[in-house]
Amino acid sequence: MEAIFNSKYIDQKIFLDQHILPTIQPFHTQHADLIQSLTTKIILKAKEYKTKNPFEKLIHEYDLSSKEGVVLMCLAEALLRIPDVTTMNQLIEDKIPTGQWKEHINKQKDIFVNLSSIAFMFSGKIVDRSEEHETIFHNLMKKMSEPMLRTALKQGINILAKQFVFAENISAANSQASKHADARFNFSFDMLGEAALTLPDARRYFDNYQQAILTTGQNNQRGNSISIKLSALYPRYERNQLDRCLTHLLPSMVTLIELAMKNNVDICFDAEEADRLTLSLMLIEEIFKRKIITPTYRGFGIAVQAYQKRSGAVIQWLDQLCRQYDQPINVRLVKGAYWDTEIKIAQELGFEGYPVFTKKFLTDLNYLYCSHLLHESSKIFPQFATHNAFSISYIHHLFQDKEFEFQKLHGMGDEIYSYFASHDHFRCRVYAPVGGYNDLLPYLVRRLLENGANTSFIHQLKKENSNVSELAHSPLQKIDHINQTPLPSPRAIFPDGRLNSLGVDLSEESNIQIFGALTKSATSNAFNIVEGQDIPSSTIIDLCSPSNLTQVVGKVHYADQAITALALEKLVMYSSTWQNYPVDQRCRILNNFADLLEQNYEPLVALCAQEAGKTIKDCLADIREAIDFCRYYSQQAERLFQINSLPGPTGEINEYTLKGKGLSLVISPWNFPIAIFVGQLVANLVCGNVTIAKPAEQSSLTAYQVFRLLLKAGLPANAASLLLGRGEEVCPFILAHPSLENVVFTGSLETAKIIQRNLAQHPKVINLIAETGGLNCLIADSSALTEQVVRDVVQSSFNSAGQRCSACRILLIEENVYAKTLDMLKGAMDCLVVGHPLELKTDMSAVIDQEAFDTIQSHLQQYPQRYQPLLPSSLQGYYIPPTLIEISSLEQMTREVFGPVLHICPYQSHNLKSLCEGINQLGFGLTLGIHSRIDSVINTVTKTCKVGNIYINRNIVGAVVGVQPFGGQGFSGTGPKAGGPEYLSRLCHEYSVSNNTTAMGGNATLLTSITD
Ligand SMILES: Cc1cc2nc3c(=O)[nH]c(=O)nc-3n(C[C@H](O)[C@H](O)[C@H](O)COP(=O)(O)OP(=O)(O)OC[C@H]3O[C@@H](n4cnc5c(N)ncnc54)[C@H](O)[C@@H]3O)c2cc1C
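Residues numbered from 1 in each chain as written. Predicted model: local features only at pLDDT ≥ 70, side-chain atom pairs only at ≥ 80, totals over all residues. Heavy atoms only, no water.

(A) Fine view of the overall build of the protein. In terms of regular secondary structure, the protein is built from 36 helices and 27 strands. Against the compact-globule benchmark of 31 Å for 1012 residues, the protein has a radius of gyration of 32 Å, which places it among compact chains. With the principal axes as the frame, the protein shows a C-alpha extent of 95 × 80 × 65 Å. Burial status across the protein gives 58% buried among its 1012 residues. (Helix = DSSP H or I, 4+ residues; strand = E, 2+ residues; numbered from the N terminus. Rg over C-alpha atoms; globule rule 2.2 N^0.38 Å. Buried < 20%, exposed > 50% of the residue type's maximum accessible area, 1.4 Å probe, protein only.)

This is the structure we're talking about:
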């Protein structure tokens, strides 16, 4: 698999030159005319094709680039799943009036499209809430028509769905397939449903697949098959859960394969997101190794996505595997259905590249390249799933000497394949989704995206003015476009050259090797930071890991007041030198530091995971955030510290600039031992403030290692001091220091208030930036997708064992979907892995210390009915299981519980406004989530709630520096937001200098610049 691993992020130009072109060019050149001519014929025939299904035209009319297309897609995604009339009406009222339906009415258009547009326009007027329409007549109309309108729209969406869904159940699917008049077509039934979140869901999907195989096998002369999604069979179908996949998912696969063999039904495992690819191949290898498949069975297959750079290597690997075990396999070559998701993930996680091509023509060319590899294989039966005329024509010519089949999706591509109506040797399998609307929505959205995407061949074909010869172009004709308007690499998405921090792709084998090995190496290394000769052993403290109480991570000797006084003296002496240190050099140090952090992921993760109990993923995110802080603040500083000339009367020069204030104290918490420690420290340093950094005792070792890197990056040793010690012992002394100018604190509200009281005694008014906790809520109404809500809530509440100030503490669920959400949430919590933080499979580890453990436990004791999955008995640390507590009102919540504890509470949709006011009354204002498809609901929440960071239809944690500046109000903090544009200026003094240039001899500038 080495070649597969190595090609994930390969440069696409290199891949084009070294692999694709040498393979396809000879054949392409030799058959160019024939391929071109057949492509043109297919297109011409497709253009003549009169679709029987007018909804195709409707989809085309409202393409995704139009506002109305987006409205339709939104309705299609949400309307059918909403259980209650009120929310359904809200969604309709919200969406329909925003469209310009009238513009789509035109007598040249299909009658159905026109009628639909008229209906939408009319509906838009009925539900229009603008004053102009709030007449008695319209109100009356609205009342009369609402049920009708709702029913009509529901039916409309249902019909839209039916365009893509073959049948509601497998019996109906088989009987419909048997009635298909053309014997050259057979079917692959796709049992709708994907990404099970819970084991009961996975069991339901598994039963469906079994039933599908049994029913299809009963009378299968046609050779129909079943398509299977592995994500539906197991909720944790993820590479870092390999062991569990081998124990739980593999047996399900084996059972289905054996059943399929027994019933003589072909099966194909669909291709899903790129990070699942190697895992799926490992499972397949295991199936081959265990010789599950009998040599006579020729029905085992998998889908390979040609938009992935690794697809060629995957085919070569499969060919090799088949030869090794003398076993055939079917490969369905698709281009891939998750392109936009792959791009977003790579950007968010700062990967070194994209796993998919970023130019459509490269995907097309790679499809041809892969088809050559399939052509060369004697063991693979090729199945080409495409609706692209050029791809089809090319394959038709390449495979003149070899058996293969085409595949198409039900409800798409009929026009494309109509050219082959009279070809006897033509074979085509129709991918036929089967199921009810409950499981349909993600599939439907993918199809709508595919039909509406600008680059989609089908979309281009259906454009009224599309040009046949352009459509028939070979993708080779576009190779000059390779550098045109490139998508920025994931590292380069930020403006002005600021690098996105490098992410580590934990689905990649090389990284799994590195980070998976940390367990052993790290535990054998204790980190000792006891500096100095004469330290009595009685003052040396062993720091134990919260996730393994028997493990001493390192030894530390805390500073006392004498050491603190020395540190302060050193800083104060250096203060003016540092203030006048050139800004570009201060920035350079920050950038060097960012690079060093990037180069030291492994040791830092090892230490931070052990000391703070953070999982590998959380540690990596913590370091990435620190890196982003360095680069963001240095970029901000370069802009802020310029001398700005201000406009004014002639004869004066007016300048404005910022300068560091002097001495700063930064106090950081243990829950982000790297990001917050670094963020607060470098913000001050880049402003020219000499800084004393006091990290939480619990994360002293991590802070020490990070600080060493900062010195290595070039920070003059006198510009900053790292003070390890107990806050209550050393901080009052610093807070009283006459040179102190800034205090930046992140931690509990109680400590913030103590600091504030201390500062009140100071002769000066000291600037205090405090970022404190949150009692954060996430509201989800019944238009939201429950699976998405649950996924986001689980991340927001239980990642980092809930020890984030942004974590979701209270989930407010509209009562109509409360029971369903509660059920799914419990199921998803059951699937979380609680364990040692250095195990890649761990989702959640221990809480930080005994005190935290006791505080959380005492809260839990008030709720004997709480829901908690069982923990493995082998764990030896401050482990608390993910916990769910049902509450009946927000008033029950009075304080933040800093741990993996989520409270869930139902609400009624008509109480939304008062719910938001209730959130405000909690007094905190840090993060808030809203899951809804209804803009008016989102607007009510965002306008009413006084909260610093609002997240819509996503999780509520993991704010990105410069993208989601972070910080709250009320009990949650003072602002300015960390990682935001206002942060640095709060740490500086402003200077305004006005120079009367006429004082020395008059206004020469004026006199010399004026002409007659
Ligand atoms: C029978 C059948 C089974 C399928 N099974 C699967 C499956 O298991 N897994 C799966 O993922 N998909 C599957 N698909 C969906 C398939 O991936 C889509 O149909 C495909 O997106 C359309 O390809 P095309 O050749 O018909 O269209 P075309 O319009 O020629 O190509 C569209 C492709 O180009 C890609 N693309 C668009 N813009 C860019 C860009 N800027 N850079 C690079 N690439 C770009 C799109 O993502 C898409 O993959 C299946 C399709 C069929 C017909």
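(B) Here's a closer look at the site of the ligand. Near the ligand lie 31 residues; those nearest to it are Gly-336, Thr-363, Thr-386, Glu-450 and Phe-457. Here a nitrogen atom of the ligand sits 3.4 Å away from a polar atom, N or O, in the side chain of Trp-339. Within the backbone of Thr-358, a nitrogen or oxygen atom sits 3.1 Å from a nitrogen atom of the ligand. Of all the elements in the fold, those that place two or more residues in the shell around the ligand are β4 (300–305), β5 (329–334), α15 (360–376), β7 (405–409) and α18 (441–452). Of the residues in the shell around the ligand, the class split is 12 nonpolar, 10 polar and 9 charged. (Near = heavy atom within 4 Å. Polar contact = N/O pair within 3.5 Å; in protein donor to acceptor, adjacent residues only side chain to side chain. Nonpolar A, V, L, I, M, F, W, Y, C, P; charged D, E, K, R; others polar.)

(C) How the structure looks around helix α29 (residues 727–735). For α29, the full list of buried residues reads Gly-727, Val-730, Cys-731, Ile-734 and Leu-735. Along α29, the residues classed as buried sweep out an arc of 130° about the axis, all on the same side. Here the buried face of α29 lies against α23 (561–579), β14 (663–668), β15 (690–695), β17 (740–746) and α30 (749–760). (Arc of directions from axis to C-beta. Contact = heavy atoms within 4.5 Å.)

(D) Spatial organisation of α30. Over its 12 residues, α30 extends 16 Å from the first C-alpha to the last, a length consistent with the 16 Å expected when each residue adds 1.5 Å. Next to the buried residues of α30 lie β14, α29, β17 and β18 (767–771). (Expected span 1.5 Å × (residues − 1).)

(E) A look at the packing of aromatic side chains. Scanning the entire structure with this criterion turns up 31 aromatic pairs. Both rings, one in Tyr-9 and one in Phe-351, keep their centres 6.0 Å apart while their planes meet at 50°; by these two values the pair is tilted. Residue Tyr-9 is found in the loop between α1 (2–6) and α2 (12–48), and its partner Phe-351 is found in the loop between α14 (339–348) and α15; the two are separated by 342 residues along the sequence. By relative accessible area, Tyr-9 is classed as buried at 15%. Three or more aromatic residues joined by ring pairs make a cluster, and in this case those are Phe-185, Tyr-367, Phe-384, Phe-399, Phe-404, Phe-406, Tyr-417, Tyr-419, Phe-420 and Phe-426. (Phe/Tyr/Trp six-rings, centres within 6.5 Å; stacked < 30°, edge-to-face > 60°.)

(F) How the structure looks around the environment of Lys-8. Counting through the fold element by element, Lys-8 comes out in the loop between α1 and α2. Note on Lys-8: relative accessible area 2%, which makes it buried. When the C-alpha atoms of Lys-8 and Pro-355 are compared, they prove to be 5.1 Å apart, with 347 residues separating the residues in sequence. When residues no more than four places from it in sequence are discounted, the contact partners of Lys-8 are Lys-309, Arg-310, Tyr-354, Pro-355, Asp-505, Ser-507 and Glu-508. Of the polar contacts made by the side chain of Lys-8, one reaches the side chain of Asp-505; its length is 2.5 Å. A polar side-chain atom of Lys-8 sits 3.3 Å from a polar atom in the side chain of Ser-507.

(G) Quick look at the sheet that holds strand β13 (residues 652–660). Taken in spatial order, the 3 strands make up an open sheet running β12-β13-β27, and their pairing is antiparallel. In this open sheet, the two edge strands, each paired with only one partner strand, are β12 (644–646) and β27 (988–996). Between one strand axis and the next, the sheet turns by 30° as a mean value, whatever way the strands run. Of the pairings in the sheet, the one linking β13 to β27 comprises 9 bridges and is antiparallel in character. When the bridges of β27 are listed, Tyr-656 appears paired with Ser-992. (Pairing = 2+ DSSP bridges. Axes fitted to C-alpha atoms, helices over the stretch in contact; angles between N-to-C directions.)

(H) Quick look at the nonpolar core. Ranked by size, the top nonpolar core spans 212 residues in total, and within it Phe-189, Ile-267, Phe-300, Ile-416, Ile-779, Leu-812 and Leu-825 carry the most contacts. When near neighbours in sequence (up to four residues on either side) are disregarded, Leu-825 contacts Val-790, Val-793, Val-794, Leu-811, Leu-884, Leu-902 and Ile-904. (Core = buried A, V, L, I, M, F, W, Y, C linked by side-chain atoms within 4.5 Å.)

(I) Structural context of the pattern of salt bridges. What the rule picks out here adds up to 33 salt bridges. Between Lys-8 and Glu-508 there is a salt bridge, with its nearest N and O atoms 3.7 Å apart. Of this pair, Lys-8 sits in the loop between α1 and α2 while Glu-508 is found in the loop between α20 (468–471) and α21 (509–516), placing the two residues 500 residues apart along the sequence. As far as the burial class goes, Lys-8 and Glu-508 line up, both buried. Two residues, Arg-447 and Glu-450, come together in a salt bridge whose shortest N-O distance is 2.7 Å. Here Glu-450 and Arg-447 lie together in helix α18, a separation of 3 residues that amounts to about one turn. Overall, Arg-447 belongs to the buried group, its relative accessible area being 5%. (Salt bridge = Lys/Arg side-chain N within 4 Å of Asp/Glu carboxyl O.)

(J) Structural view of the packing of helix α31 (residues 786–798) against helix α32 (residues 818–830). Running from amino to carboxyl end, α31 crosses α32 at an angle of 50°, the nearest separation of the two axes being 10 Å. By the angle class used here, α31 and α32 are oblique. Considering the relative orientation of α31 and α32, their crossing is right-handed. The residues of α32 that touch α31, namely those facing Thr-786, Glu-787, Val-789, Val-790, Val-793, Val-794 and Phe-798, are Lys-820, Thr-821, Met-824, Leu-825, Ala-828 and Met-829. (Parallel < 35°, antiparallel > 145°, perpendicular 65-115°, else oblique. Left-handed = near helix turned anticlockwise from the far one by under 90°.)

(K) Quick look at the confidence of the model for the protein. Per-residue pLDDT for the protein averages 91, and the proportion of residues at 70 or more is 91%. Counted against residues more than four places away or in other chains, residues 125–141, with its pLDDT under 50, gives 18 contacts. (pLDDT = per-residue confidence, 0-100.)

(L) Representation of the pairing of β14. With respect to burial, β14 is a largely interior element, 6 of its 6 residues being buried. Residue alternation in β14 divides its side chains into two sets, Leu-663, Leu-665 and Ile-667 and Ser-664, Val-666 and Ser-668, and both sets are buried. Relative to β15, β14 runs parallel, the two being bridged by 6 bridges. By the bridge assignment, Leu-665 is partnered in β15 with Ile-692. The parallel pair β14 and β15, bridged by helix α27 (residues 675–687), forms a crossover whose chirality is right-handed. Sheet topology note: the β14/β17 ladder contains 5 bridges and is parallel. The residue of β17 that forms the bridge with Val-666 is Val-744. (Right-handed = clockwise from strand over helix to strand, strands pointing away.)

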